[in-house]
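Remarks on the overall topology
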Amino acid sequence: MPSAPLDPLDLTAFRLEATISDGVAKKVLTVLPIRKPAKDSFVRTHLDPQCWMVFGLIELQETSRIYLVDPKIVPALQERGEATFFRAHLVLTVDRKGNPFLWPLKFSAQDNIWHISARGAAEKAREKWVRVTSNRAAGCYDAAVAENQDAEPLWPDMEYKELLRLAFGNRTINSLEHPVLLELRGA
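What counts, and at which threshold
- Residues numbered from 1 in each chain as written.
- Predicted model: local features only at pLDDT ≥ 70, side-chain atom pairs only at ≥ 80, totals over all residues.
- Heavy atoms only, no water.
- Pairing = 2+ DSSP bridges.
- Helix = DSSP H or I, 4+ residues; strand = E, 2+ residues; numbered from the N terminus.
- Buried < 20%, exposed > 50% of the residue type's maximum accessible area, 1.4 Å probe, protein only.
- Contact = heavy atoms within 4.5 Å.
- Polar contact = N/O pair within 3.5 Å; in protein donor to acceptor, adjacent residues only side chain to side chain.
- Core = buried A, V, L, I, M, F, W, Y, C linked by side-chain atoms within 4.5 Å.
- Arc of directions from axis to C-beta.
- Phe/Tyr/Trp six-rings, centres within 6.5 Å; stacked < 30°, edge-to-face > 60°.
- Lys NZ or Arg CZ within 6 Å of the ring centre and 35° of its normal.
- Lys, Arg positive; Asp, Glu negative; His and termini not counted.
- Salt bridge = Lys/Arg side-chain N within 4 Å of Asp/Glu carboxyl O.

1. Concerning the pairing of strand β7 (residues 140-145)
Sheet analysis places strand β6 (residues 130-135) next to β7, joined by six bridges and oriented antiparallel. Across the sheet, Asn135 pairs through a bridge with Cys140, a residue of β7. Adjacent in sequence and paired antiparallel, β6 and β7 are bridged by four residues, among which Gly139 carries a positive phi angle near 70°.

This is the structure:
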């Protein structure tokens, strides 16, 4: 038996009955970017020190690729003065839209004000929503704290080691004969 036509003047007739399962979906992470915070975005950094581990990294600026370096070959890279190698905290970070990423906070023996100010902003972001912007005139990063933002960040429901796997995939260097290092040596 056909139902009666809906009254176009009574738009409530178009309503659906809500059920508990309607619209329920869980975001599944398939990749995890390694990057600095966007200059127009407020971020939080994870409180857990396990989400602030230090790693050796190689960054190829031409391809915007970052590789994780095996600690066993770090001394050889440093001895050779490999310019693309750096040490950094890989800090689990999330923006207000719930997008997680790893923020590489660089440091070196010749710390500079850019590195120091980035780490200061990341430390502040453990407790408050912070926007990080480049201040070229001062030669550092500025950190602005969001006013009246008490919402807690939504962290991925994954262990840090799983997040590293998502971020790097097969981009690991465990030998001085790795194709990336051979290319950097001009071999």
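2. Some thoughts on the environment of Arg87
For Arg87, the position within the fold is in strand β4 (residues 85-95). Exposure remark for Arg87: the relative accessible area of 34% places this residue in the partly exposed category. For the pair Arg87 and Pro104, spaced 17 residues apart in the sequence, the C-alpha separation amounts to 8.7 Å. Apart from the residues within four sequence positions on either side, Arg87 is in contact with Phe55, Val74, Gln78, Leu105, Lys106 and Phe107. One polar contact links Arg87 to Gln78, side chain to side chain, over a distance of 3.5 Å.

3. Quick look at the nonpolar core
The biggest cluster of nonpolar side chains holds 31 residues, and the ones touching the most others in it are Leu57, Leu90, Leu102, Trp103 and Phe168. Going through the elements one at a time, β2 (52-60), β3 (65-69), β4, β5 (100-107), α2 (113-124), β6 and α3 (160-168) are the ones with two or more residues in this core. Sequence-distant contacts of Leu57, defined by excluding residues within four places in its chain, comprise Ile66, Tyr67, Leu68, Val69, Thr84, Phe85, Phe86, Ala88, Leu90, Pro104 and Phe168. By size, the runner-up hydrophobic cluster in this structure holds eleven residues, among which are Ile58, Ile73, Leu77 and Ile173.

4. Some details on α3
Every α-helical turn comprises 3.6 residues, leaving residues that sit three or four positions apart pointing alike. Listing the buried residues of α3 in full gives Tyr160, Leu163, Leu164, Ala167 and Phe168. Along the axis of α3, the buried residues cluster in a sector spanning 115°; they form a single face. When the buried face of α3 is taken as reference, the exposed residues oriented beyond 90 degrees from it are Lys161 and Arg165. In this fold, the buried residues of α3 make contact with β2, β3, β4 and β5. At the exit of α3 stands Gly169, carrying a positive phi of roughly 55°.

5. Looking at the packing of aromatic side chains
Scanning the entire structure with this criterion turns up one aromatic pair. Centre to centre, the rings of Trp114 and Tyr141 are 4.9 Å apart; their planes meet at 80°, and the pair counts as edge-to-face. With Trp114 in helix α2 and Tyr141 in strand β7, the pair connects residues that are 27 residues apart, well separated along the chain. Of the residues examined, Trp114 reaches a relative accessible area of 25% and is grouped as partly exposed. One Lys or Arg, Arg44, reaches over the ring of Trp129 and ends 5.7 Å from the middle of that ring.

6. Focus: unusual backbone geometry
Positive phi outside glycine occurs at Ser64, with the angle close to 55°. Looking at the element boundaries, Ser64 is found in the loop between β2 and β3. Backbone geometry places Asn148, a non-glycine residue, at a positive phi of 55°. By the secondary structure assignment, Asn148 is in the loop between β7 and α3.

7. So, the side chain of Glu82
Checked against the element boundaries, Glu82 lands in the loop between α1 (74-80) and β4. Buried charge without a salt bridge: Glu82, with Arg185 as the nearest opposite-charge side chain at an N-O distance of 7.0 Å. A polar contact of 2.7 Å, which involves the side chain of Glu82, links it to the side chain of Thr84. In this structure Glu82 touches Ile58, Leu77 and Leu184, once residues within four positions along its chain are discounted.

8. A short note on the side chain of Ser117
Along the chain, Ser117 falls in helix α2. Among the residues examined, Ser117 registers a relative accessible area of 14% and is labelled buried. Among the polar contacts listed, one links the side chain of Ser117 to the backbone oxygen of Trp114, at a separation of 3.1 Å. Polar contacts involving the side chain of Ser117 include one to the main-chain amide nitrogen of Tyr141, which spans 2.9 Å. Those residues in contact with Ser117 that lie beyond four places of it in its chain are Cys140 and Tyr141.

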